[in-house]
Each structure stands twice: as C-alpha cells, then as structure tokens.
Amino acid sequence: MDKINVVLADDHVLVRDGIKALLEDQSGIVVIDEASDGKEALEVITRNKPHVLIVDIRMPEMNGIEVVGEMSKSHKDVRTLVLSMHDSEEYVVQAIQAGADGYLLKGASKEEFLKAVTKVAAGGKYFTGDVSAIIMNNFVNGNTNTVEATQVTPKEDSFNLTKREKQILDLVLQLKNNKDIAEELQISKRTAEVHRFNLMKKLEVKNLMELSNKAKEFGLV
C-alpha cells in the first residue's frame, strides 16, 4: 500500500490530537477520520474502510474491546491496534480474544508506536514487551480457553469525589480555565480554584495529562 489509512478512536480530543500529530509527521501514514466513542468508531470504519483502527479500551457507548470484537465479525479486512494505558492481564486477554492484531501501552516510545502501526498494517501482529509476557504466561499455564468477558467497570468511588468536584473534572478536561468554570457553575473564581486544587490533590496528579489519564483509568469521565 502507498499510504496507511488510519482511524483513531479515543474519547479524549487531546489524546487524539497527540496521536494524529505523531502519525502525520511520518510520510506514508494518514489519519483519515476520528471517533470519540465505540459506536461512532464502527460508523466511521464502515464509511471510510481504513487499513488500521487505533482504539482505546475505555470509551462511551461501546468500549474498545467490544469494538474490536464487532470488527472481527463485520470488518475483517481492517486491522486493529489497541492503544491503552492498561497493562492488566484481564484487559490484554480480552482484547486478544476479541481479535486485536496488536496491543500497545500509551507509555510506549514514538519509535515503538510507529513500528506497531506499520507492522499491524502489513498484516502482522504486534504486542509490546509487557503484554507479550502476559500472553506467554497464559500459554505456559494452559489458559488458552476463552476467559469469561467482564465489563470494564469504573472505580470512581475510590477517590471520594464530591458532586462539585466531578463537575470541575469534566470542565477541566474540556480545557476550561478557572474563569470559564466559575461562570459555567455560577461560583466565584476563587471557589473554582479551590475545587480544582482539591481535585488534583485527591487524584494525586500534577498536570492536565496526568489528570486525563487517571480519569480514564478509573472511569471518572
């Protein structure tokens, strides 16, 4: 193929923008469309028929594993690369059983990411080192039968966020500043700052990227 046509599926615009910038910096890879949830991902794929879908696990409507499973039935010619921050055995095994052609962690280097996309597009399989170890462990232990699928469940209560803090979190992830948050929630700017500080402290994060990652990991958004 002259160019690898890619569709991105992730429910956070910042993440999609970052991946798109990285991919389109390379000749031979083109991001032809994007989706913000699982249902939209399937619609986009039906419409565009890309070579590769890069999909996150935790998304609204349908999670990434469900999307991969559906594609294994209805879009067998489209290759799937799961790009996730989850390296737990449960997620990895479910993704592979659903038919994923690759599984890469979001902490991977640029070089490994591009290698994974290229290899999967060419018809190969790519599983990052930690994931390969999980696969091998399952094989060695004889766990080759289908693992009963479990729903990806959030753990939002573990941080004891207040209703207001959850509202603040949602607005922060929309890139709203303290002034915008104050106006939208009809509170003072100082109150918005305090809520934002408490939110960051509870989640033990220092910046927006860490906040976004943890919010997705624990199903807070």
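Note that this is a predicted model, so its numbers are computed, not measured.

Asks: Break down helix α2 (residues 38–48) for me, citing the residues and quoting the values.
Replies: Note: α-helices contain 3.6 residues per turn, so residues at a spacing of three or four share the same orientation. The complete set of buried residues in α2 reads Gly38, Ala41, Leu42, Val44 and Ile45. Projected down its long axis, α2 carries its buried residues within an arc of 165 degrees, all on one side. At its buried positions, α2 is contacted by β1 (4–9), β2 (29–35), β3 (52–55) and α3 (64–74). Sitting at the amino-terminal end of α2 is Asp37, which places a side-chain oxygen 3.1 Å from the backbone nitrogen of Lys39. Of the residues flanking the end of α2, it is Lys49, one or two places downstream, whose phi is positive at about 50 degrees.

Asks: Account for the nonpolar core, with residues named and values stated.
Replies: If you look at the biggest cluster of nonpolar residues, it comprises 24 residues, and the most contacted ones within it are Ala9, Leu53, Val55, Val67, Met71, Val82 and Tyr103. At the level of elements, β1, α2, β3, α3, α4 (89–98) and β5 (102–105) are the ones that each hand at least two residues to this core. Apart from the residues within four sequence positions on either side, Val55 is in contact with Ala9, Gly64, Val68, Leu81, Val82 and Leu83. Val6, Leu81, Leu114 and Ala121 belong to the second-largest nonpolar core, a separate cluster that totals 20 residues.

Asks: Explain the pattern of salt bridges residue by residue, including any values.
Replies: Scanning the entire structure with this criterion turns up 14 salt bridges. Here Asp10 ties to Lys216 by a salt bridge, and the two come within 2.8 Å at their closest N and O atoms. Residue Asp10 is found in the loop between β1 and α1 (13–24), and its partner Lys216 is found in helix α10 (residues 208–217); the two are separated by 206 residues along the sequence. In this structure Lys216 comes out as buried when scored by relative accessible area, which is 4%. Between Glu184 and Lys176 there is a salt bridge; the shortest N-O distance is 3.8 Å. Judged by relative accessible area, which is 26%, Lys176 ranks as partly exposed. Through salt bridges with shared partners, a single network forms among Asp10, Asp11, Asp56, Lys106 and Lys216.

Asks: Which residues make up the sheet that holds β5, and what values do they have?
Replies: Overall, parallel pairing links the 6 strands, which are arranged β2-β1-β3-β4-β5-β6 in an open sheet. In this open sheet, the two edge strands, each paired with only one partner strand, are β2 and β6 (126–127). Where β1 and β2 come together, 6 bridges link them in parallel fashion. When the sheet's bridge partners are listed, Val7 is paired in β2 with Asp33. Set on the sheet, α1 makes contact with β1, β2, β3 and β4 (79–84); between it and β2 the angle comes to about 165 degrees. Seen against the sheet, helix α5 (residues 110–121) touches β1, β2, β3, β4, β5 and β6 and runs at an angle of roughly 160 degrees to β4.

Cut-offs and rules
- Residues numbered from 1 in each chain as written.
- Predicted model: local features only at pLDDT ≥ 70, side-chain atom pairs only at ≥ 80, totals over all residues.
- Heavy atoms only, no water.
- Buried < 20%, exposed > 50% of the residue type's maximum accessible area, 1.4 Å probe, protein only.
- Helix = DSSP H or I, 4+ residues; strand = E, 2+ residues; numbered from the N terminus.
- Arc of directions from axis to C-beta.
- Contact = heavy atoms within 4.5 Å.
- Polar contact = N/O pair within 3.5 Å; in protein donor to acceptor, adjacent residues only side chain to side chain.
- Core = buried A, V, L, I, M, F, W, Y, C linked by side-chain atoms within 4.5 Å.
- Salt bridge = Lys/Arg side-chain N within 4 Å of Asp/Glu carboxyl O.
- Pairing = 2+ DSSP bridges.
- Axes fitted to C-alpha atoms, helices over the stretch in contact; angles between N-to-C directions.

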